[in-house]
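Structural overview for review
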Amino acid sequence: MLSGAMLTMDSTTMVLVLALGNLALCSLLFFFDYGAVRTPSLASWGLSKQVQAASWILLALGGARVVPEPLALPGGWALLIVGVALESAALWENAQRRRVQRAMVPLALAAVSIFLVSYWIDPLGLRTLAAALILGAFYLLGAAALARGWRNASMLQRALAVTTALLALLVAARGILVLVMPDGWRWLSHDLLRQLSTIAFYLLMLANGFGCLLLARERLQVDVARLETLDLVTEAPNRRGFYNALAPWMALARRPGSPTALIVLDLDSFKRVNDGYGHPVGDVVLRHVADLCKRQLRDSDLLGRLSGGEFALLLPRTGGEEAMLVAERMRAAIEATPVKTERAMISMTASFGVTTIRPDDSNVILFGRAGAAMRAAKDAGRNRIHLAPRETVPEA
């Protein structure tokens, strides 16, 4: 924390570095998502960095006597409190805790009022105490937002939470020492703690700046990876995602144990829906059918969309006859539940092919057998279920 009637040259230089650093972060953010629609939390975080840059610039101008000290010091610290509060609010917004985020505005206003009153009473000691404790508290609130969902958080997010908390305590320690030990404590003088506090501000700028940009990039990569295996229409796994989930069950089929069933279903005359009503209505039908099928499944079962109106269902620890019963429930539900759209009530049926995974199966063989059973159901009149022939054992 900066102290004394005037800033020293070294402190002024450090403050200028902090100002330029925050401006550099604002520039990086501008190019980071140039041309893209910013998320609300990222936009709020960018605004917080702009306010913090303005605060450090004002403090630097006060230290260089360009702006009068009675204006630069209270104005600069008040802006810094607002900037750090906005940064904490952005982190809580990113953590999807809007109630805490909204509380930051009145908290920031109250904190600025307390600081200005403290500055008016004592421009040195009490001002240092108030600024240190207030800024440390807001940084700790930001660390708490980063620590939310600790078990599922990435190592980067955990590291940011711990680093921010430790540096926040270092910032607050300046005010605590002024409060409990006005003359310092042994080798830990106020001047040394002031320098450490200033370094903490610098490290917080780097950690929260580049760390949050990296965290945003990390989450974008997670979203991209998720979209690669997700069907956006039904929010079920796509072909790639379903194959990924199927792989361990293919390996288990080579060992003795409970069977695993695969059901392939195809909506009858689904092309007619797309051609007659348009693809948006077709998407409504797909979501409707996916929801009906999910209601018939256990938590361990999996529904995936392969292509068009074709779906696959993985039923672990389920034999062929049991899978036939599951398929029958789905068939009856689809037939009995028309799809309500803005243009019409559309009745749908589906044809099912059922099989179980065999030890020598590959994906091609397994889906070929299930697909052949499904086509046999269509050839028999549609809206039917066909069980693939059981594996035959050659005679000796």
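Residues numbered from 1 in each chain as written. Predicted model: local features only at pLDDT ≥ 70, side-chain atom pairs only at ≥ 80, totals over all residues. Heavy atoms only, no water.

Focus on the packing of aromatic side chains
- Across all of its chains, the model carries seven aromatic pairs by this definition.
- Note on F115 and Y119: the rings are 6.4 Å apart at their centroids and 35° apart in plane angle, and the pair reads as tilted. One end of the pair, F115, and the other, Y119, are both in helix α4 (residues 98-121), four residues apart, so they sit about a helical turn from each other. There is no split in this pair, since F115 and Y119 are both buried.
- Taken together through their ring pairs, the aromatic side chains of W56, W77, Y139 and F201 make up a single cluster. (Phe/Tyr/Trp six-rings, centres within 6.5 Å; stacked < 30°, edge-to-face > 60°. Helix = DSSP H or I, 4+ residues; strand = E, 2+ residues; numbered from the N terminus. Buried < 20%, exposed > 50% of the residue type's maximum accessible area, 1.4 Å probe, protein only.)

Looking at helix α11 (residues 320-336)
- The end-to-end C-alpha distance of α11, which contains 17 residues, comes to 24 Å, matching closely the 24 Å that a straight helix rising 1.5 Å per residue would cover.
- Taken residue by residue, α11 has G320, A323, V326, A327, M330, R331, A333 and I334 as its buried positions. An end-on view of α11 places all buried positions within 165° of arc, on one side of the element. Opposite the buried face of α11, by more than 90 degrees, sit the exposed residues L325 and A336.
- Among the structural elements, β3 (261-267), α10 (279-294), β5 (310-315), β8 (350-356) and β9 (385-387) are those in contact with the buried residues of α11. (Expected span 1.5 Å × (residues − 1). Arc of directions from axis to C-beta. Contact = heavy atoms within 4.5 Å.)

Some details on helix α8 (residues 239-252)
- Taking 1.5 Å per residue, 14 residues should reach 20 Å; α8 reaches 20 Å between its end C-alpha atoms and fits that length.
- If you look at α8, its biggest bend is around 35°, right at L246, and the proline P248 turns up within four residues after that.
- For α8, the complete set of buried residues consists of G241, F242, L246 and M250.
- Its buried side turned inward, α8 meets β2 (236-237), β3, β4 (302-307), β5 and α12 (363-379).
- The backbone nitrogen of R240 lies 3.2 Å from a side-chain oxygen of the residue at the head of α8, namely N238. (Bend = angle between axes of the 7 residues up to and from the residue. Polar contact = N/O pair within 3.5 Å; in protein donor to acceptor, adjacent residues only side chain to side chain.)

Focus on the UniProt feature "transmembrane region" (unreviewed entry) in the protein chain
- According to UniProt, the "transmembrane region" (unreviewed entry) feature falls on residues 12-32, 71-92, 104-121, 127-147, 159-179 and 199-216.
- Annotation note: span residues 104-121, helix share 100%, strand share 0%, distance between end C-alpha atoms 25 Å.
- The span residues 127-147 carries 100% helix and 0% strand; its end-to-end C-alpha distance comes to 30 Å. (UniProt positions renumbered as here; feature names shortened; annotations may be inferred.)

Describing a nonpolar patch on the surface
- The grouping of L16, L20, L23, I57, L61 and V66 at the surface amounts to a nonpolar patch, some 490 Å² of accessible area in total.
- With respect to the secondary-structure elements, L20 resides in helix α1 (residues 9-32). (Patch = residues over 30% accessible without salt bridge, like charges linked within 9 Å, V, L, I, M, F, W, Y side chains within 5 Å. Areas by Shrake-Rupley, 256 points an atom, 1.4 Å probe, with all protein chains shown as cover. Salt bridge = Lys/Arg side-chain N within 4 Å of Asp/Glu carboxyl O.)

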